[in-house]
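# Overview (structure and organization)
Chain residues, written in single-letter form:
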Number of protein chains: 2
Amino acid sequence: MTEGLRVVHERGYGGASVRDIVEAAGVPQGSFTNHFASKEAFCLEILDLYFKDVRAMIQRTLRNDSLPALKRLHAFVDAQIKYLNRIGWRNGCLIGNFSAEASEHSEMIRKRLVEIYEEMRQSVAYCLRAAVKLGEVPQKTECDELAGFLIASLQGAILQSKTERNSVPLERFKHLIFSTLLA
Amino acid sequence: MTEGLRVVHERGYGGASVRDIVEAAGVPQGSFTNHFASKEAFCLEILDLYFKDVRAMIQRTLRNDSLPALKRLHAFVDAQIKYLNRIGWRNGCLIGNFSAEASEHSEMIRKRLVEIYEEMRQSVAYCLRAAVKLGEVPQKTECDELAGFLIASLQGAILQSKTERNSVPLERFKHLIFSTLLA
């Protein structure tokens with residue numbers, strides 16, 4: 001699965017063929033077709049595998065009640081920068097890539113993406129409500145709306161970093177949100 | 001070209017084959033290969049065709065000196081909402097879609113996307129500097145940085161709207177930036 005995930009992440013939903021996937025995994029094509037009904041079914045599983053790591057990272061950051069709220073949000077953004085720096089900027093985020101590409105070809109994947117964004121939004125909103133409680137952000141902050149905006153904007157910054165192949169757009173995102181929206 | 005643009009916009013860089021493109025255009029495959037060295041070359045041309053319309057829209061909005069600055073920015077965002085509503089939310093923005101997908105497969109397209117984002121960023125910064133001059137936003141506004149943030153965030157909101165297939169993320173983007181960042 002991990003090698004298949006890597007290939008689809010690098011080449012895209014349309015760009016990676018079943019042959020690419022089985023070659024990367026070093027298994028015969030028959031073993032793929034025994035396990036997965038289609039490339040779509042496989043890609044749904046790797047999306048879940050990918051999001052499992054994101055969810056673990058969210059637990060360590062946004063939902064880590066032992067840290068002050070804005071520090072958690074900072075850690076959440078830093079974790080993404082660190083991750084993308086490690087895997088290479090050109091790959092971007094599988095969730096964002098699938099939103100642009102696979103959501104057109106697969107209704108199953110599109111619906112799963114909507115659920116994933118909603119879960120991420122709720123975690124950011126959870127963290128923002130803690131920030132309001134601690135007085136780190138203004139009382140009037142619309143936590144749910146701002147959380148939705150931040151999740152979408154983060155994906156936009158990642159997409160930009162993928163295109164430019166450097167961290168500048170993501171560092172700009174971090175600077176802007178903490179010096180204005182969350183100041 | 002227009003029909004080819006439509007097919008690639010709907011199915012994606014990897015999802016649309018040369019056969020799909022010539023079928024949609026109603027021309028023989030030979031006429032495609034006479035005109036374009038490759039799908040990559042064709043997609044670079046449709047990206048320019050697409051951006052030509054965006055540039056015209058920018059002239060009518062962001063760079064329209066006859067309007068107050070923030071009204072121009074408002075008109076710029078509204079024009080995108082109106083456009084996406086017309087073509088269908090599922091298609092998203094060709095520039096964002098190519099950033100997620102084609103930039104991996106084509107260095108020519110990736111470089112063109114970087115230029116396109118830079119041109120858009122400069123137009124937003126131009127408008128923001130006018131807003132500073134008019135006292136519509138604080139004097140200390142970092143126009144170039146904020147412009148880069150807004151362009152990336154807008155792409156993120158469009159990607160989200162594409163996934164959810166409705167205008168909610170884009171309306172949220174508009175509400176948030178005008179009630180906080182540009183208030």
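This structure is a prediction, so every number in the text was calculated from the model and none was measured.

Once that is clear, we can look at the overall build of chain A. Along the backbone of chain A there are ten helices and zero strands. When the elements of chain A are put in sequence order from the N terminus, they spell out α-α-α-α-α-α-α-α-α-α. Taking 183 residues into account, the globule formula puts the C-alpha radius of gyration at 16 Å, and chain A, at 18 Å, falls close to it. Taken over the C-alpha atoms alone, chain A extends approximately 60 × 30 × 30 Å along its principal axes. Relative to its 183 residues, chain A shows a buried fraction of 41%.

All names here are of chain B. An ideal rise of 1.5 Å per residue puts 27 Å on 19 residues; helix α5 (residues 69–87) measures up with 28 Å between its terminal C-alpha atoms. Burial in α5 covers these residues: Ala69, Arg72, Leu73, Phe76 and Gln80. When α5 is viewed along its axis, its buried side chains cluster within an angular range of 105° and face the same direction. In α5, the exposed residues that point more than 90 degrees away from the buried face are Lys82 and Arg86. Lining the buried residues of α5 we find α8 (107–133). With its phi angle positive at about 105°, Gly88 sits one or two positions after the end of α5.

Quick look at the interface of chain A and chain B now. At the junction of the two partners, chain A supplies 40 residues and chain B supplies 40 residues. When contributions to the side of chain A that touches chain B are tallied by element, the ones reaching two or more residues are α6 (94–100), α7 (102–105), α8 (107–133), α9 (143–164) and α10 (168–181) of chain A. Sort the elements by how many residues they give to the side of chain A that touches chain B and α9(A) lands first, with 15 residues.

Here we take up the confidence of the model for chain A. The predicted model of chain A averages 95 in pLDDT, with 100% of residues at 70 or higher. Scored as a whole, the predicted complex attains pTM 0.96, and scored at its interfaces, ipTM 0.96.

Next up on the list: the environment of A:Thr61. Residues and elements named next belong to chain A. Looking at where Thr61 falls in the secondary structure, it is placed in the loop between α4 (39–60) and α5 (69–87). Separated by 59 residues in the primary sequence, Thr61 and Thr2 have C-alpha atoms spaced 24 Å apart. What Thr61 contacts, discounting residues up to four positions off in sequence, is Arg72, Ala75, Phe76 and Ala79.

Let's shift gears to the relation of the copies chain A and chain B. Of the transformation placing chain A onto chain B, the axial shift is 0.0 Å and the rotation is 180°, giving an RMSD of 0.0 Å. The superposition operator between the copies reduces to a two-fold rotation axis. The residues that chain A uses at the interface reappear at the interface of chain B in 100% of cases, marking a shared surface.

Okay, the environment of B:Thr2 next. Mapped onto the elements of the fold, B:Thr2 is located in helix α1 (residues 2–11). Residue B:Thr2 is classed as exposed on the basis of its C-beta count, with 9 C-beta atoms lying within 10 Å.

Let's shift gears to the environment of A:Ser123. Residue and element names in this part refer to chain A. Note that Ser123 resides in helix α8. The spatial distance from the C-alpha of Ser123 to the C-alpha of His105 is 28 Å, given a sequence separation of 18 residues. The residues touching Ser123, leaving out its near neighbours within four places in the chain, are Ile58, Leu62 and Arg63.

Residues apart from glycine generally show negative phi values, whereas peptide bonds are mostly found in trans. Residue and element names in this part refer to chain A. Positioned with a positive phi, Arg165 is a non-glycine residue whose angle comes to about 60°. Inspection of the secondary structure puts Arg165 in the loop between α9 and α10. On the basis of neighbour count, Arg165 is assigned to the partly exposed category, with 14 C-beta atoms found within 10 Å.

All names here are of chain B. At a closest axis distance of 10 Å, the pairing of helix α4 (residues 39–60) and α8 adopts a crossing angle of 5°. Between α4 and α8, the angle is such that the two are roughly parallel. Contacts from Glu40, Cys43, Leu44, Leu47, Phe51 and Ile58 in α4 reach Met108, Ile109, Arg112, Ile116 and Ser123 in α8. Tallied by class, residues from the contact of α4 with α8 come to eight nonpolar, one polar and two charged.

In a packed pair of helices, the relevant descriptors are the angle between the two axes and the axis-to-axis distance. Residue and element names in this part refer to chain B. One way to put it is that α1 packs onto α4 with a least axis distance of 10 Å and a crossing angle of 100°. The angle between α1 and α4 places the two elements in the roughly perpendicular class. Along the contact surface, α1 presents Gly4, Leu5 and Val8, while α4 presents Phe42, Cys43, Ile46, Leu49 and Tyr50. Taken together, the residues of the contact of α1 with α4 break down into seven nonpolar, one polar and no charged.

Criteria and cut-off values
Residues numbered from 1 in each chain as written. Chains lettered and ligands numbered in written order. Predicted model: local features only at pLDDT ≥ 70, side-chain atom pairs only at ≥ 80, totals over all residues. Helix = DSSP H or I, 4+ residues; strand = E, 2+ residues; numbered from the N terminus. Rg over C-alpha atoms; globule rule 2.2 N^0.38 Å. Buried ≥ 20, exposed ≤ 12 C-beta atoms within 10 Å, placed from the backbone. Expected span 1.5 Å × (residues − 1). Arc of directions from axis to C-beta. Contact = placed C-beta atoms within 7 Å. pLDDT = per-residue confidence, 0-100. Least-squares fit on C-alpha atoms with pLDDT ≥ 70 in both. Axes fitted to C-alpha atoms, helices over the stretch in contact; angles between N-to-C directions. Parallel < 35°, antiparallel > 145°, perpendicular 65-115°, else oblique. Nonpolar A, V, L, I, M, F, W, Y, C, P; charged D, E, K, R; others polar.

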